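This is what each chain is made of:
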Amino acid sequence: MSDASSRVNDFVIRFANVNGTGSASANGLFAKAIYRMGIPVTPKNIFPSNIQGLPTWYEVRVSEKGYLGRSGIVDFVVAVNPQSLEEDIASVRPGGYFLYDSSKPLHRVMMRDDIHFLGIPMMTLAMKNFTQPREQQLLKNIIYVGALAALLDMDMDVLRGIVAQTFKSKEKLIGPNNLALSIGYNYSKENFKCPLDIRVETRDLIGDRILMEGNLASALGAIYGGASVMAWYPITPSTSVASAFEKYCKRLRKDPDTNQNRYAVIQAEDELAAIGMVIGASWNGARAFTATSGPGVSLMSEFIGLAYFAELPAVIVNVQRGGPSTGMPTRTQQADLISSAYASHGDTKHIMLIPSTPTECFEMTAEALDLADRFQTVVFVMSDLDLGMNDHLTPALKWDDARSYDRGKVYTSEDLENMEKFGRYLDVDGDGIPYRTLPGTHPTKGSYFTRGTSRDEYARYTEKGDAYVRNVDRLVKKWQTAKSWMPKPEHLGNENQNNLGIIFFGTTYYAALEAMEMLQDEGISIDALRLKSFPFPEEVQSFIDNHDEVFVIEQNRDAQMRTLLINELNVSPSKLIPILHYDGMPIPATDICTKIVAHLSVNALRNDSL
Amino acid sequence: MSDASSRVNDFVIRFANVNGTGSASANGLFAKAIYRMGIPVTPKNIFPSNIQGLPTWYEVRVSEKGYLGRSGIVDFVVAVNPQSLEEDIASVRPGGYFLYDSSKPLHRVMMRDDIHFLGIPMMTLAMKNFTQPREQQLLKNIIYVGALAALLDMDMDVLRGIVAQTFKSKEKLIGPNNLALSIGYNYSKENFKCPLDIRVETRDLIGDRILMEGNLASALGAIYGGASVMAWYPITPSTSVASAFEKYCKRLRKDPDTNQNRYAVIQAEDELAAIGMVIGASWNGARAFTATSGPGVSLMSEFIGLAYFAELPAVIVNVQRGGPSTGMPTRTQQADLISSAYASHGDTKHIMLIPSTPTECFEMTAEALDLADRFQTVVFVMSDLDLGMNDHLTPALKWDDARSYDRGKVYTSEDLENMEKFGRYLDVDGDGIPYRTLPGTHPTKGSYFTRGTSRDEYARYTEKGDAYVRNVDRLVKKWQTAKSWMPKPEHLGNENQNNLGIIFFGTTYYAALEAMEMLQDEGISIDALRLKSFPFPEEVQSFIDNHDEVFVIEQNRDAQMRTLLINELNVSPSKLIPILHYDGMPIPATDICTKIVAHLSVNALRNDSL
Amino acid sequence: MSYVKPVFSHPELPANKVGYRKRDYEGAISTLCAGCGHDSISGAIVQACYELSIEPHRLAKLSGIGCSSKTPTYFLSNSHGFNTVHGRMPSVATGATMANKDLLYMGVSGDGDSASIGMGQFVHVIRRNLNMVYIVMNNGCYGLTKGQDSATADFGSISKGGSQNHFHPIDLVGMALELRASFVARSFSGDKKQLVPLIKLALSHPGFAFIDVLSPCVTFNNNVGSTKSYEYIRDHMEYPAPPDYVPKAKEITVDYEAGSGTTVTLHDGSTLRLDKLAGDHDPTDHLAALRRHHEAVANGEILTGLFYMNQESQTLHQLFNTIETPLNALTERELMPGQTALEKINQSFR
Amino acid sequence: MSYVKPVFSHPELPANKVGYRKRDYEGAISTLCAGCGHDSISGAIVQACYELSIEPHRLAKLSGIGCSSKTPTYFLSNSHGFNTVHGRMPSVATGATMANKDLLYMGVSGDGDSASIGMGQFVHVIRRNLNMVYIVMNNGCYGLTKGQDSATADFGSISKGGSQNHFHPIDLVGMALELRASFVARSFSGDKKQLVPLIKLALSHPGFAFIDVLSPCVTFNNNVGSTKSYEYIRDHMEYPAPPDYVPKAKEITVDYEAGSGTTVTLHDGSTLRLDKLAGDHDPTDHLAALRRHHEAVANGEILTGLFYMNQESQTLHQLFNTIETPLNALTERELMPGQTALEKINQSFR
Ligand SMILES: Cc1ncc(C[n+]2csc(CCOP(=O)(O)OP(=O)(O)O)c2C)c(N)n1
Ligand SMILES: Cc1ncc(C[n+]2csc(CCOP(=O)(O)OP(=O)(O)O)c2C)c(N)n1
Ligand code: SF4
Ligand code: SF4
Ligand SMILES: [Mg+2]
Ligand SMILES: [Mg+2]
């Protein structure tokens, strides 16, 4: 919680707009400028499930201390949407600021005494200075950015630099944008005491970090990881994985001589077809993936079971959104854990990698392609709307050019030539992973029949119980093997054995880190583990074993990760305390902190009364 | 295990046939005759996933003691399939009998010293006595039934009575069938010492029980429960639910005046459509259901989430088969528990009723229709292939004619008339269950928009986090309410608090009862609970609390019910010992017994070495 | 964006036969983009229901997912609505009509919803001749997910993103004709004069009535090169058989030449006169409808109007011989056969 | 049941151009019912591949679920096979061809598999003009699940269970024509003389080649009243354009009248001569194909032979402009753009 003295580089500003009015670029300009001023910044889009005319918000956290989670408190609102005015006014913390378009006067009754109202006649100014209605509409937004520059003491050169870069190829737009910036800037200088107590100061706190969306990073991970076939069906919030994959493939995956494509992107007719295409391509030896969200995963269930049982690689980037059903398609949750981990009927288990940052989206999507080949199975990359569709401050992407792909166990023509008899489902190496062959490899050896029905080690259909049991037990062995191939969880915080621990994963990362500091401030020292995968590596078991009480923080209602932990690690449920947040907004640190403190004091009370 | 003295009314006989050769009716005749002689009998079909020409078995357990589970030991084989001869000979227990068609001599090397071979030239006899090839083929099967009558000392009048009844409308078939019976009977009398030590004796142990398949009983349950719309897609082993529903509707649900149908059965284009139709019909106030198996449930996942979230009744009879994927389509498992209980993405939970007998299939399918209306949600009836497609000795079906359907909370036109404002998702009664209205009820009040997206209490679309949370929290409350409406679990065995318990469900019932007796014989006294539902009523929690160690017996690999118990009841996993059987054949009592004994002795050893 | 949203409140029109005014057929305020073709279709539905004097609560409206599928919120707010899942509205509608044959069913879908994810259900609902009106608001793109090509996008058309469509469009009218839908029409969102009578006709048709309505997406598919833009459609429209709906109460005064038209008696007793001259097309001739359609496709024409109508076809309820009473109104007395019957069944398993 | 199973071992035929004998194209022993039409189609596939001198391992065979979908086990055991899930083979085939354009793809499906659960994928694989042969073994019923009516069952036909089908059949040839499949044919399992050349032609066709093969189910759909029984089909067959496949090595000696035939050069360089006389049908004329088909349907005729073929159509790989090397053969060198490119990307996000 920010107090007066710390308001330099420490506040949250929220832009209230109407969607489809071009506010996104203005708001992005603002966030980018903070970034370029060297100050950690975290913007979040809160948008409706429609295309035009409804309220949309853009919430930017500026944090000298480097807190990148959502704070949950709003210090400053820029309001240019009459529909949501009331709500927007209510959202400002006492003592905060409310900047609005005073072209039309604010209704008296809406005013609050405990916040500062800053009126700027944005539309009037825009209409006075620009002629085209469309231009007026768009530049009105730039005017408020200019106003903020004065109010918050931002570097106008940085802003102008971004404008120049943005319109490099449409140069005639640079002038009007800069003019709009100045109009807002000057109006503020003339009418308000600038800067406010809430303001920014240039720093050098960014290091090698970039500002990128998770979906774009996943797409790049797929490209670097060697995916050559992508099949998908549009669904929010995963769509931009596909569009970014295609966009960057066009740049990076053309044959330089023929200009032909080294990739294929197929917009499928639905999600069942999308995963079917992925499975077909993987069966045939190309790296393939899809991106989708909850409803898509539900539709893919049958095929996912086929890939598990017939042992075919398939990578699914699951950008989770608010469920169940169509749910809250433009809100975030981590509520597809069970439905992904155990997707499909029968006894099935699937690998999940869980990124927390765009950088990890990049790395884990590439790694997922390796793991899918290695284990000949489905690998989920469990992203979410918050991670996928918002810009995050994240380490620059890196790739070791010497790295080669792990294609897993695939027999070549020569291998087959030197072999007595090929058995597709033989456990040759004792690790549960069989060898496969690709169609077309060898004229007489290596062909087999892939199917979702039970079969023996030589891929021959069988209804014999013992052959079935051997096969599914081998799948369990493969699962055991997978554990040691998973990325290690990240151990954070103190090594306070036998006391309190927290476990979290994915986009809860930064809020949890902040919450840990808050708790420390209240004298509660806590140890932490960030999960990165399912199945859980050994370290997760020992972390839980080494603590008396472990809070599991999740963004879903039913404590789904806790269920997975209990079930897979045979942990006593009483040891794992669920800390849940599931209203569709990214979890704020305060929420975690409050809930842990509440639990601890209730427990303290209980112990007292014993 | 049967010893020499107890072989009267205590043995297993296995018929090895080729499918598509008409053996089913001959084998059914045999089982029915045992039933009519007043002896408990349990037949099981073990059939391939094809239509004609592959091995198929019919295994009949005859048990004076009333054991109705699979025994796992075969005392007598009737072999008329050359393809499976070797395997069939190997399957007989030492000292057992092997009856075969000696029209072609048996290969020497196949003979075993430790069993009795009984050769009857069945095909030769059939060809000598009958002229048409088809007749010869079919009546060859009746010949072996006649032979068994002599060998096992069966009542020929009972057999002839069944023949007469079966061919009531095709009278000219009665003669040849009786002739075939006599041919087999006489041949045995003349060539073997009849009866054998394995044999039957008339008893009166059946009481009011009938011999019926679970799927047929489910279909009748749906009829009595008031389902008027059924939508389905063919899939083994659920298909016969639909065909029986249609067949009995034709008899029982015609308008006597117009001969018009009081039902509609739609063969859908796939499972997605089938569940969509059920949801559409329920939304519109008709009772509707579908029947399917694992792959179908996977395909239904998205729609199941819609029904959960939009709160629409839907009954799904899930006749489980061997998974994952297409798996073992003609084998049995209980491996769809997790995929049904938590079907669909997001935070979802669904009610499951778990019948153990055809009688319960009848009752629970009817009850499911009530519960689906009451809770406006999906209710699964978790049957399986063993229960659904095999005849079982089961209490006669009963229906209280005074019983009325629980249609749940539905506002009438008058209710609406007297109401200020209708709120579709208001928790009026504080039990989490809202009131609904049916389309067309009232001209101006009561209409609302059903959707899978989040909405407020008045069914208005909203993206507001607090409205969402109120809604999904109410769904949790509804779930709590549901617990007390579930059928109570059945408490069996001893009340040995603080000691050993077993938990089982569904078709494990009879094997578990038999295993308990076996354990008792070995001095191990065990307490037992049969689950009938998910969510678990209070009694389940206290049963587990009251025992130190509880074995959970399931027919799947991953101990899925144990997962549900741990997760929903916060039980310590170490307390629940999984006893698993998953080769696709019904679980035998010996298997349960051996595994429990093994666990106990390992533990005893461990304790000793402390 | 300076479009003005169409609002469906008009100078107060008189009450219709069942005593409702036009505003009684309206819905919530649209949240679609200003100028979206879909809003015009909603307006046409409002107008048609008003003119037909349908009691709003005796109609149920169903849709899938998409901008188009949102529209049922924007018309007939006194009707029950069901926004199902993407592409699967036909199955829900099938169950609904089975449960209650006495309501009218209005299904609304998009081209993504029906021609891609929903293609299987679309085909099968036609095959079953379900008694419903099925409108596809066809904009050649995925509006709600921001402008991807749909399966009805024209070969070579350029999407907002700038990429060219590689595939030939699926022609939903062609599909419906091939599948013997009992009523097949096409119209244009901007042509209320044609659309309103078509919807009325469809609502009066016993069986499956399909209307493919071209409905430009002003945000994502109104670009040059797209053949589903306003301009393109207006320039390429052809009418095969413009229907003129005349309620029975009014006399037919329009002066068609004798012998040039077909008069069809509708389900509710009112009559429809189809102009054979314009396009020389007899909408009861299935082969002719197929021929005209395929020739138009080959010539790059967009034919609108009524292609085919078969009033003799049997609806699903007729085929299934279901009872007159809606199934959802049956009680224990009609549904539950009783213990005596059950005991007979038991007996057959002894 | 006294049928004898067809066994595909024949008096040893000579090795073909690539050195394989006919038995090298056979598969495991069929477990279908003796007499099942599907087995004859398997035999025709064996024969066609042998005659075309296809290297068995350069062909991949895919199917859905059903008796028909089991057949890939019964032919070409040196080919990789994939028995996918019910109705979804087209998507798997799509992924497979994308990964490796250099193999031949043979898809086998049933009428349940393609016309019901798989209808959506069937429509869309046609739309994409995937380079594959797609055979539907069409028996008008669900064989493997014991004889329910399928969506291609004829109106009024009586199923084994004795119930009458209420619905009009979906005509897969009509669907394929409507959707502009680039090769559309129909044949009959019992007519090897027609079927083998059609399969060869299909295998040589660049693009989607669809063959609807009527294939009686002897166990469940060979009843009187069923129009898919042996007898019915034999009595009602009509040939629009019997193809006669002539490998290039051999000279064309058959004596067609000048001007009466169309000679098409196939993908592999061999030529096909189509008889226009029989049925007076030019299979390169799409409108004519549609017309003949619809007229035949109206007259209750079952037309077999080649309806339509468009050798100019672009396959999915051409449309997508993918590289000559199969995608599955690309290595890190071609796939991975390197750290330098990545750093440039990073820079654009600073
Ligand atoms: C299973 C599933 N997949 C994807 C989506 C995402 N989605 C919502 S609307 C839509 C397309 C809508 O296109 P169309 O039906 O043409 O409607 P329009 O918006 O163009 O009117 C998609 C793909 C979804 N809601 N559900
Ligand atoms: C998802 C799913 N639903 C249902 C089934 C059951 N099933 C197996 S084969 C089949 C129908 C096959 O019919 P068809 O494709 O015509 O093949 P045929 O056996 O007639 O050759 C069905 C419904 C299944 N395997 N998977
Ligand atoms: S995006 Fe297109 S279809 Fe959707 S509301 Fe806007 S104009 Fe209409
Ligand atoms: S059931 Fe029919 S389709 Fe299946 S194998 Fe037998 S004859 Fe062929
Ligand atoms: Mg659209
Ligand atoms: Mg079939």
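Residues numbered from 1 in each chain as written. Chains lettered and ligands numbered in written order. Predicted model: local features only at pLDDT ≥ 70, side-chain atom pairs only at ≥ 80, totals over all residues. Heavy atoms only, no water.

**Focus: the domain arrangement of chain A**
Residue and element names in this part refer to chain A. In terms of domain boundaries, chain A breaks down into domain 1 (7-199), domain 2 (212-395), domain 3 (409-486) and domain 4 (490-609). A C-alpha centroid distance of 40 Å is found between domain 3 and domain 4. Tallying the contact residues gives four residues for domain 3 and six residues for domain 4. Carbon and sulfur atoms supply 73% of the area that domain 3 and domain 4 bury against each other, a total of about 470 Å² over both sides. Taken together, the residues of the side of domain 3 that touches domain 4 sort by class into three nonpolar, no polar and one charged. (Domains from an automatic or database assignment. Contact = heavy atoms within 4.5 Å. Buried area = accessible area lost by both parts, 1.4 Å probe. Nonpolar A, V, L, I, M, F, W, Y, C, P; charged D, E, K, R; others polar.)

**Observations regarding the coordination of the magnesium ion (ligand 5)**
For a metal bound by four donors in tetrahedral geometry, the ideal donor-metal-donor angle is 109.5 degrees, whereas six donors in octahedral geometry ideally sit at 90 or 180 degrees. All names here are of chain C. The magnesium ion (ligand 5) binds to the protein through Asp111 (OD), Asn139 (OD1) and Cys141 (O), with metal-donor distances spanning 2.0 to 2.2 Å. Considered as a linear motif, the donors of the magnesium ion (ligand 5) on their single chain read D-x27-N-x1-C. For the pair shown, Asn139 and Cys141 are each scored as buried. (Donors = N, O, S within 2.8 Å, 3.2 Å for Na, K, Ca; no water. Buried < 20%, exposed > 50% of the residue type's maximum accessible area, 1.4 Å probe, protein only.)

**A closer look at empty space enclosed by the protein**
The tally for this structure, following the rule as stated, stands at 18 cavities of 30 Å³ or more. Looking at the largest cavity, it is lined by 17 residues, and the ones nearest its centre are A:Ala343, A:Ser344, B:Ser339, B:Ala343 and B:Ser344. Tallied by class, the residues present in the lining of the largest cavity amount to eight nonpolar, nine polar and no charged. What lines the second largest cavity is a set of 19 residues, and nearest its centre among them are C:Arg88, C:Gly120, D:Arg88, D:Ile117 and D:Gly120. Residue assignment for the lining of the second largest cavity shows that the elements contributing at least two residues are α5 (119-127) of chain C together with α5 (119-127) of chain D. Of the residues that constitute the lining of the second largest cavity, the class distribution is five nonpolar, eight polar and six charged. (1 Å grid on protein atoms, 1.4 Å probe; cavity = no way out; pocket = protein on both sides within 12 Å on 5 of 7 lines; lining within 4 Å. Points joined across faces, edges and corners; volume = space filled by probe spheres on them. Helix = DSSP H or I, 4+ residues; strand = E, 2+ residues; numbered from the N terminus.)

**Focus on the interface of chain A and chain D**
Each side of the interface is counted separately: chain A has 70 residues, and chain D has 56 residues. Approximately 5300 Å² of surface area, both sides summed, lies buried where chain A meets chain D, with 59% of it carried by carbon and sulfur atoms. Along the contact surface separating chain A from chain D lie two salt bridges. Measuring nitrogen to oxygen at the nearest pair gives 2.8 Å for the salt bridge that ties D:Arg128 to A:Glu269. (Salt bridge = Lys/Arg side-chain N within 4 Å of Asp/Glu carboxyl O.)

**A few points about the nonpolar core**
Counting residues in hydrophobic clusters, the biggest one holds 485 residues, and the most contacted among them are A:Phe76, A:Leu565, B:Phe76 and B:Leu565. Aside from chain neighbours lying at most four places away, what touches A:Phe76 is A:Val12, A:Ile13, A:Arg14, A:Tyr97, A:Leu99, A:Leu118, A:Leu148, A:Leu151, A:Leu152 and A:Leu196. (Core = buried A, V, L, I, M, F, W, Y, C linked by side-chain atoms within 4.5 Å.)

**Side note on the pairing of strand β3 (residues 104-110) of chain D**
Residues and elements named next belong to chain D. Most of β3 sits inside the fold, with six of its seven residues counted as buried. Bridge analysis of strand β1 (residues 59-63) against β3 gives five bridges, and the strand direction is parallel. Directly across from Leu59, in β3, lies its bridge partner Leu104. For β3 and strand β4 (residues 132-138), the ladder comprises five bridges, and the chain directions are parallel. Residue pairing for β4: Gly107 is matched across the bridge by Tyr134. (Pairing = 2+ DSSP bridges.)

**Focus: the pairing of strand β13 (residues 378-384) of chain B**
Residues and elements named next belong to chain B. Burial of β13 is extensive: seven of the seven residues sit out of reach of the surface. Alternating positions in β13 separate into two faces, Val378, Phe380, Met382 and Asp384 on one and Val379, Val381 and Ser383 on the other, with burial throughout. The sheet contact formed by strand β11 (residues 314-320) and β13 spans seven bridges and is parallel. By the bridge assignment for β13, Gln320 is matched with Asp384. Note that strand β12 (residues 351-353) and β13 share three bridges and pair parallel. Bridge pairing links Met352 to Phe380 in β13. Where the polypeptide runs from β12 across helix α12 (residues 358-375) and back to β13, its parallel neighbour, the crossover connection is right-handed. (Right-handed = clockwise from strand over helix to strand, strands pointing away.)

**Here's the deal with the packing of aromatic side chains**
Residues and elements named next belong to chain A. Counted by the stated rule, this structure contains 62 aromatic pairs over all chains. Measuring from centroid to centroid gives 6.3 Å for Tyr100 and Phe117, while their planes differ by 75°, and the two rings are edge-to-face. Here the residue Tyr100 occupies a position in strand β5 (residues 92-101), and Phe117 occupies one in strand β6 (residues 116-120), the gap between them amounting to 17 residues. Each ring, one from Phe309 and one from Tyr468, has its centre 6.5 Å from the other, and the planes form 50°; the classification is tilted. Of this pair, Phe309 sits in helix α10 (residues 294-310) while Tyr468 sits in helix α15 (residues 465-483); the two residues are 159 residues apart in sequence, bridging distant segments of the chain. Given the relative accessible area of 0%, Phe309 is considered buried. Note that Lys421 overlies the ring of Tyr458, its terminal NZ or CZ placed 4.2 Å from the centroid. Cation over ring: Arg455 sits above Tyr425, and NZ or CZ is 4.0 Å from the ring centre. (Phe/Tyr/Trp six-rings, centres within 6.5 Å; stacked < 30°, edge-to-face > 60°. Lys NZ or Arg CZ within 6 Å of the ring centre and 35° of its normal.)

**So, the coordination of the magnesium ion (ligand 6)**
Residues and elements named next belong to chain D. At this site the magnesium ion (ligand 6) is bound by Asp111 (OD), Asn139 (OD1) and Cys141 (O), with donor distances of 2.0 to 2.1 Å. The sequence pattern formed by the donor residues of the magnesium ion (ligand 6) is D-x27-N-x1-C. One end of the pair, Asp111, is in helix α4 (residues 111-115); the other, Cys141, is in strand β5 (residues 141-142), with 30 residues separating them in the sequence. Just as Asp111 is buried, Cys141 falls in that class too.

**As for the site of ligand 2**
The environment of ligand 2 is formed by 24 residues, the closest being B:Glu271, D:Ser68, D:Asp111, D:Gly112 and D:Asp113. Two or more chains meet at ligand 2, and those chains are chains A, B and D. Here D:Cys67 contributes a backbone N or O atom positioned 2.8 Å from an oxygen atom of ligand 2. Contact between ligand 2 and D:Asn139: an oxygen atom at 3.0 Å from a side-chain N or O atom of the residue. Isolated, ligand 2 exposes 590 Å² of accessible area, and the fraction of that covered by the protein chains is 98%. Only α10 (294-310) of chain B together with α2 (67-70), α4 and β5 of chain D provide two or more residues apiece to the shell around ligand 2. Considering every element that reaches the shell around ligand 2, the biggest residue donor is α4(D), with three residues. Across the shell around ligand 2, the residue classes tally to 11 nonpolar, nine polar and four charged. (Near = heavy atom within 4 Å. Polar contact = N/O pair within 3.5 Å; in protein donor to acceptor, adjacent residues only side chain to side chain. Areas by Shrake-Rupley, 256 points an atom, 1.4 Å probe, with all protein chains shown as cover.)

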